Amino acid sequence: MDLSYTPEEEEFRAGLREWLGKVLPTLPAKPSPDDWPGRRAYDLGWQRMLYDAGYADVHWDASPTTRLIFLEETEKAGAPYVGANFVGLLHAGPTVAAEGTDGQRARWLPPILRGEEVWCQGFSEPDAGSDLASLRTRARRDGDDYVVTGSKIWTSHAEVADWCELLVRTDPAAPKHRGITWLAMPMSLPGITVRPLRTLAGSAEFAEVFLDDVRVPVANRVGDENDGWRVTMVTLSFERGTAFVGEVVACRRVLGELAAEARRRGRWDDPLLRRRLGRLNAEFRGLWRLIQWNVSEAEGGSGVPGVGGSVFKLRYSHARQELYDAAAAVLGADALDLDRPWTLDRLSSLSYTIAAGTSQIQQNIVAERILGLPKGR
């Protein structure tokens with residue numbers, strides 16, 4: 001498989017680098033992590049700048065390789081992360097682009113690209129996390145509406161969202177994977193209660209969402225009724241296949257900084273530490289090649305990342321945790337100081353083997369869908 005870039009792709013890279021070099025010094029200071037209205041405004045402002053410069057559509061209208069180049073270069077340049085735009089740009093938007101009707105694409109995609117609307121993800125529930133298909137939030141058809149009752153947890157950016165990609169059970173009698181429907185729910189509807197959750201790292205980008213007879217128009221359904229699990233697999237393919245690209249670039253940068261810090265602290269003479277960092281360097285180089293392979297595979301197919309994304313997600317989750325464990329070894333007692341670089345990153349890395357599908361779930365996918373092993377009983 002050819003993992004090289006075409007002249008046209010390299011031209012895109014060069015133009016993007018030039019633009020980033022001009023605009024990044026002009027950005028205002030980032031708001032406080034606890035100022036979510038400020039963070040929303042900052043993130044939407046950055047997205048609008050991308051839109052005006054012609055770079056906003058890379059997440060679904062461009063080729064997978066162009067998307068990879070964009071994510072690589074923006075992370076290398078230290079450009080703002082997608083932040084509050086995460087779900088809209090990397091999950092819901094690509095799903096609507098792949099599965100939505102012409103009318104749905106026309107309604108929902110342009111406001112995401114222009115930095116006008118924020119989406120949140122309403123998938124997990126208190127009793128349906130790793131086993132997402134066991135979700136219990138009900139949606140009863142009533143004329144032109146679904147009447148939704150239930151609750152969601154770990155709802156990313158719910159406190160500042162305009163829309164929610166919502167999974168509901170529309171046929172309780174069907175096998176659990178077949179009675180699910182994917183809805184786009186306006187967060188302004190009556191009956192929605194949002195309660196922010198504070199994480200171990202002190203941030204509050206997640207929330208509980210309670211739904212009490214919320215009426216969601218049937219026209220907001222993406223895909224057919226009871227076909228939501230298939231649509232969800234499209235969403236999760238994007239989440240596991242390309243959403244972490246920028247983070248791999250960031251981890252490679254952190255690894256270099258960590259080696260420099262080890263030298264500064266006189267730790268570089270420790271052969272065990274050098275071997276540890278060397279293995280991580282090989283690990284992240286391998287993960288980058290895996291990303292390129294997955295993107296090339298998507299390029300030659302439907303444009304949707306395949307099950308190879310689960311291989312990447314499984315290994316990346318553990319590699320990220322190992323990276324920040326190594327950072328703690330370099331920092332020593334300073335690793336307990338929350339104001340030190342990498343300390344909060346180490347705390348947040350603990351969630352990576354759970355978020356976007358636990359490692360156990362990814363192992364099952366790899367075993368059953370790639371290796372062809374039988375399902376466990």
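Here is a short report on the structure shown in this document. Note that this is a predicted model, so its numbers are computed, not measured.

Things to note about helix H4 (residues 86–99)
- Helix length check: H4, at 14 residues, gives a terminal C-alpha distance of 19 Å against a target of 20 Å (1.5 Å per residue), a fit within 8%.
- Bending of H4 peaks at approximately 40° at the position of Ala92, with proline Pro94 no more than four residues after it.
- Counted residue by residue, H4 has 11 buried out of 14 residues, so it is predominantly covered.
- Three or more residues of H4 are buried, namely Phe86, Val87, Gly88, Leu89, Leu90, His91, Ala92, Gly93, Pro94, Thr95 and Val96.

Section: the packing of aromatic side chains
- Counting across every chain of the model gives eight aromatic pairs.
- Relative to Tyr55, the ring of Phe12 has its centre 5.8 Å away and its plane inclined at 70°; by these criteria the two rings are edge-to-face. Note that Phe12 is positioned in helix H1 (residues 7–23) and Tyr55 in the loop between helix H2 (36–53) and helix H3 (64–76), a separation of 43 residues in sequence.
- A centroid spacing of 5.3 Å and a plane angle of 50° characterise the contact between Trp19 and Tyr55, whose relative ring orientation is tilted. With a gap of 36 residues between them, Trp19 in helix H1 and Tyr55 in the loop between H2 and H3 connect regions that are remote in the sequence.
- Looking at Trp19, the relative accessible area reads 16%, which means it is buried.
- Tyr55 gets classed as buried once you look at its relative accessible area, which sits at 11%.

Digging into helix H7 (residues 245–264)
- Its 20 residues give H7 an end-to-end C-alpha distance of 29 Å, which sits within 8% of 28 Å, the value for a rise of 1.5 Å per residue.
- Of the residues trailing H7, Gly266 is marked for its positive phi of about 75°.

With respect to the nonpolar core
- Trp19, Trp46, Leu258, Leu277, Phe284 and Leu323 are the most contacted members of the largest nonpolar core, which has 43 residues in total.
- Within the residue set of this core, elements represented by two or more residues are H1, H2, H3, H7, helix H8 (271–299) and helix H9 (308–331).
- The element that contributes the greatest number of residues to this core is H9, accounting for 10 residues.
- Residues contacting Leu323, with those up to four places away along its chain left out, are Cys251, Val254, Leu255, Leu258, Leu280 and Phe284.
- Val87, Leu90, Ile112 and Leu135 belong to the second-largest nonpolar core, a separate cluster that totals 29 residues.

What to know about the pattern of salt bridges
- Throughout the structure, instances matching the rule amount to 29 salt bridges.
- Between Glu99 and Arg230 there is a salt bridge, with its nearest N and O atoms 2.9 Å apart. Placement of Glu99 in helix H4 and of Arg230 in helix H6 (residues 228–241) is noted, with a sequence separation of 131 residues between them.
- Residue class for Glu99 comes out partly exposed when judged on its relative accessible area of 22%.
- Look at Arg230 and you get partly exposed, because its relative accessible area is 39%.
- Here Arg315 ties to Glu322 by a salt bridge, and the two come within 3.0 Å at their closest N and O atoms.
- A relative accessible area of 29% places Arg315 in the partly exposed class.

Considering the packing of H1 against H2
- The N-to-C vectors of H1 and H2 enclose an angle of 135°; their axes lie 12 Å apart at closest approach. Between H1 and H2, the interaxial angle falls into the category oblique. Considering how the two elements wind past one another, H1 and H2 form a crossing that is right-handed. For the pair formed by H1 and H2, the contact residues are Trp19, Leu20 and Val23 on the first element and Trp46, Met49, Leu50 and Ala53 on the second.
- Within the contact of H1 with H2, the residues separate by chemical class into seven nonpolar, no polar and no charged.

Here we look at the pairing of strand S3 (residues 145–152)
- The buried fraction of S3 amounts to six of the eight residues, a majority that puts the element mostly inside the structure.
- Across five bridges, strand S2 (residues 138–142) lies against S3 in antiparallel orientation. Bridge pairing links Ala139 to Val148 in S3.
- Between S2 and the antiparallel strand that follows it, S3, lie two residues; Gly143 among them carries a positive phi value of about 65°.

Basis of the calculations
What you see as residue numbers is a count from 1 along each chain, following the sequence as written. pLDDT decides what is reported in this predicted model: residues at 70 or higher carry local features, side-chain atom pairs at 80 or more are listed and counted, and totals for whole chains, interfaces and linings draw on all residues regardless. Note that water and hydrogens are dropped before the side-chain values are worked out from all heavy atoms of the structure. Secondary structure elements follow DSSP: runs of H or I no shorter than four residues count as helices, runs of E no shorter than two count as strands, and numbering proceeds from the N terminus. Take the residue count of a helix, subtract one, and multiply by 1.5 Å to get its expected span. To get the bend at a given residue, fit one axis to the seven residues ending there, fit another to the seven starting there, and take the angle between those axes. Throughout, exposure labels follow a simple rule: accessible area from a 1.4 Å probe, protein chains only, divided by the maximum for the residue type, with under 20% read as buried, over 50% as exposed, and the rest as partly exposed. Here a Phe, Tyr or Trp ring, Trp counted by its six-membered ring, pairs with any other such ring whose centre lies within 6.5 Å, and the pair is stacked when the planes are under 30 degrees apart, edge-to-face when over 60, and tilted otherwise. What is meant by a nonpolar core is a set of buried Ala, Val, Leu, Ile, Met, Phe, Trp, Tyr and Cys residues, joined one to another through side-chain atoms within 4.5 Å. Should any heavy atoms of two residues lie within 4.5 Å, those residues are considered in contact. We define a salt bridge as a contact between a side-chain nitrogen of Lys or Arg and a carboxyl oxygen of Asp or Glu at a distance within 4 Å. For every element, the axis is a line fit to its C-alpha atoms; helices are fit only across the contacting stretch, and the angle between N-to-C directions ranges from 0 to 180 degrees. Oblique is the label for any angle not covered by the other classes, which are roughly parallel (under 35 degrees), roughly antiparallel (over 145) and roughly perpendicular (65 to 115). For a crossing to be left-handed, the near helix must be turned anticlockwise from the far one by less than a right angle; the clockwise case is right-handed. Polarity classes work like this: nonpolar for Ala, Val, Leu, Ile, Met, Phe, Trp, Tyr, Cys and Pro, charged for Asp, Glu, Lys and Arg, and polar for all others, with Gly in that last group. In this description, strands pair whenever DSSP reports at least two bridges between them.

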